[in-house]
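Letter by letter, the chains look like this.
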Amino acid sequence: MARIAIFGAGYVGLVTGACFAKLGHTVVIRDVVPEKVARLQAGEVPIYEPGLRELIDECRDRISFTLDLDDVVKDAEFLYLAVPTPEGELGDANLQYVWEVIEELPEGLPGRPVVVMKSTVPVGTGARARARLDARGLTSYGYVSNPEFLAEGNAIDDFMKPDRVVVGAVDPEDGKRVLDLYDGVDTEHLIEIDVESAELVKLAANAMLATRISFINEIARICERVNADVTKVAYGMGLDKRVGEFFLKAGVGYGGSCFPKDVKALETLAKNDADYTFRILAAVQEVNRLQKLLAVEKLGQRLGDLRGRTVALLGLAFKPETNDMREAPSEVIARALIDGGATVRGWDPEADSDAIPGIERCATPLEAVTGADAAVIVTDWKELKSIATAEVRDAMARPLIIDGRNLLDPEAVAAAGFEYEAIGRPTKATPVAVS
Ligand code: UGA
């Protein structure tokens, strides 16, 4: 079993660390934010991810947290970087935190410590990191790219049963050692390729998934105009094995910390480093920008002027089973509604109470919809599947539901007396008098 140092106690660092500890390795996670480290040391987990708290508790004797560089590198055989690489000012990735860690790695660690890049980085970062390690005299350190494919809300399963584990190594022996760390995970594909290809696998996979979402969202637009149902179209398309069923859910657009950033990063990388205009990605992003505003358009069509109206946003996080608000469509929708003069209420079981400034936060969906002129399902939390009740209908000033996630059964909702509109599905509107 190995001794693994992880830099960064964010989402990726914590999940990766907990799962490696579960596999039997000894893990020390270092972060530079004192409050975060103190909470982790006290047994708290600062992010919401199903099963993570339990896993960290279960592996307490093999996982620890520190602020201190010496603690984390002591006896480390692998030095995992799981620090943020946010979008930079020019659309490229900001690698400041990556370089900070590379600069502070100490000389003289015994054996052959391997620096492993988990953070999502542009193609070419590995070569630059290798050159920097050499320039600092750390020639005995290995360098391996090991992109992560965890999806929030399902991250532990994604780690333990991945479709594939990818490593790209400067020296193939180092790559093999990193793959060995995954002994015990349930996968058929442990693959070793070159560093540049490994870096690009990550960006290309996310960009492809985002492309699928924008594609189905455009199909949904067509469906609305020709009276077709996008959920049935996606089902029929997905049965073709070459197309596949996943990531064909139309909705209010993709959000999160990965797709928006990685699509932009790949587009920028193509332009700056490959002198190539990646035309599809420009369209993917434009479709997504417009898709986030579709629910507002639909409200305008139904309610007319939004001034003085009250709208309940049901779900705020960018997807269910997370408290993550990064690039969440709810923010764009709330901002447009507030700018249009509406009062906005919000319900979400996990997002922080001040997640969106200027909205009124409610403890239950019922509280959020009471007296509202419309409700918008923004995040497909399972709690919302049963929202179309007589109690909710009677509590609303106008029982109008815009279902931004195609979560409900249109016929059942109409039968329950709601005015209902989904994304890319035929509308069976039950006209309701406006008082
Ligand atoms: C995504 C990828 O799925 C992971 O494989 C990858 O490791 C991760 O980014 C990353 O780069 O770190 P994540 O952002 O956690 O994971 O969430 P997804 O489940 O992929 O959802 C992203 C967004 O797409 C959400 O807003 C979701 O609502 C939306 N989406 C997803 C759709 O609108 N339709 C779909 O069919 C699927």
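Before reading on, note that the structure itself is shown above.
To start, this report covers the structure provided alongside it.

Criteria and cut-off values
Residues numbered from 1 in each chain as written. Predicted model: local features only at pLDDT ≥ 70, side-chain atom pairs only at ≥ 80, totals over all residues. Heavy atoms only, no water. Core = buried A, V, L, I, M, F, W, Y, C linked by side-chain atoms within 4.5 Å. Buried < 20%, exposed > 50% of the residue type's maximum accessible area, 1.4 Å probe, protein only. Helix = DSSP H or I, 4+ residues; strand = E, 2+ residues; numbered from the N terminus. Contact = heavy atoms within 4.5 Å. Near = heavy atom within 4 Å. Polar contact = N/O pair within 3.5 Å; in protein donor to acceptor, adjacent residues only side chain to side chain. Areas by Shrake-Rupley, 256 points an atom, 1.4 Å probe, with all protein chains shown as cover. Pairing = 2+ DSSP bridges. Axes fitted to C-alpha atoms, helices over the stretch in contact; angles between N-to-C directions. Right-handed = clockwise from strand over helix to strand, strands pointing away.

1. Focus on the nonpolar core
Move 1: One finds Ile4, Phe20, Phe78, Tyr80, Phe159, Val178 and Tyr182 to be the most contacted residues of the largest nonpolar core, which totals 43 residues.
Move 2: Among the elements that take part in this core, helix H1 (residues 11-22) stands out by supplying 8 residues, more than any other.
Move 3: If we skip the residues at most four places from it in the chain, Tyr80 touches Ile4, Ala5, Ile6, Phe7, Phe20, Val116, Lys118, Asn146, Val178, Leu181 and Tyr182.

2. Some words on the site of the ligand
Move 1: Around the ligand, a shell composed of 19 residues is seen, among which Glu148, Glu152, Lys202, Asn206 and Lys319 lie nearest.
Move 2: Within the backbone of Glu152, a nitrogen or oxygen atom sits 2.8 Å from an oxygen atom of the ligand.
Move 3: Contacts to the ligand include Leu248, whose backbone N or O atom sits 3.4 Å from an oxygen atom.
Move 4: Relative to its unbound accessible surface of 710 Å², the ligand loses 90% to contact with the protein.

3. Considerations on unusual backbone geometry
Move 1: Phi at Asp75 is positive, roughly 60°, even though this residue is not glycine.
Move 2: With a phi close to 65°, Asn227 is a non-glycine residue in the positive phi region.
Move 3: With respect to the helices and strands, the residue Asn227 is situated in the loop between helix H9 (195-226) and helix H10 (230-238).
Move 4: Relative accessible area serves as the criterion here: at 60%, Asn227 is assigned to the exposed category.

4. Structural notes on the sheet that holds strand S5 (residues 114-117)
Move 1: Strand order in the open sheet formed by 8 strands is S3-S2-S1-S4-S5-S6-S7-S8, and the pairing between neighbours is mixed. The sheet is open, and its two edges are formed by strand S3 (63-66) and strand S8 (190-193), each paired on a single side. Across the sheet, the axes of successive neighbouring strands diverge by a mean angle of 25°, strand direction being ignored.
Move 2: Relative to the sheet, helix H6 (residues 125-135) contacts S5 and strand S6 (142-145), its axis offset from that of S6 by approximately 165°.

5. Focus: the environment of Ala76
Move 1: Along the chain, Ala76 turns up in the loop between helix H4 (69-73) and strand S4 (78-81).
Move 2: The buried category is assigned to Ala76, whose relative accessible area is 4%.
Move 3: Considered as a pair, Ala76 and Val28 are 48 residues apart in the sequence and their alpha carbons are 8.8 Å apart.

6. Some thoughts on the sheet that holds strand S14 (residues 419-421)
Move 1: Overall, parallel pairing links the 6 strands, which are arranged S11-S10-S9-S12-S13-S14 in an open sheet. With one partner strand each, in any of the chains shown, strand S11 (360-361) and S14 form the two edges of the open sheet.
Move 2: Here 3 bridges tie strand S13 (residues 400-403) to S14, and the two strands are oriented parallel to one another. When the bridges of S14 are listed, Ile402 appears paired with Glu421.

7. As for the pairing of strand S1 (residues 3-7)
Move 1: The element S1 is extensively covered by neighbouring structure, given that 5 of its 5 residues are classed as buried.
Move 2: Burial along S1 is two-sided: the residues Arg3, Ala5 and Phe7 and Ile4 and Ile6 are all buried.
Move 3: In terms of strand pairing, S1 meets strand S2 (residues 26-30) through 5 bridges, oriented parallel. Pairing of Ile6 across the sheet is with Ile29, part of S2.
Move 4: With respect to chirality, the unit in which S1 leads through H1 into the neighbouring parallel S2 is right-handed.

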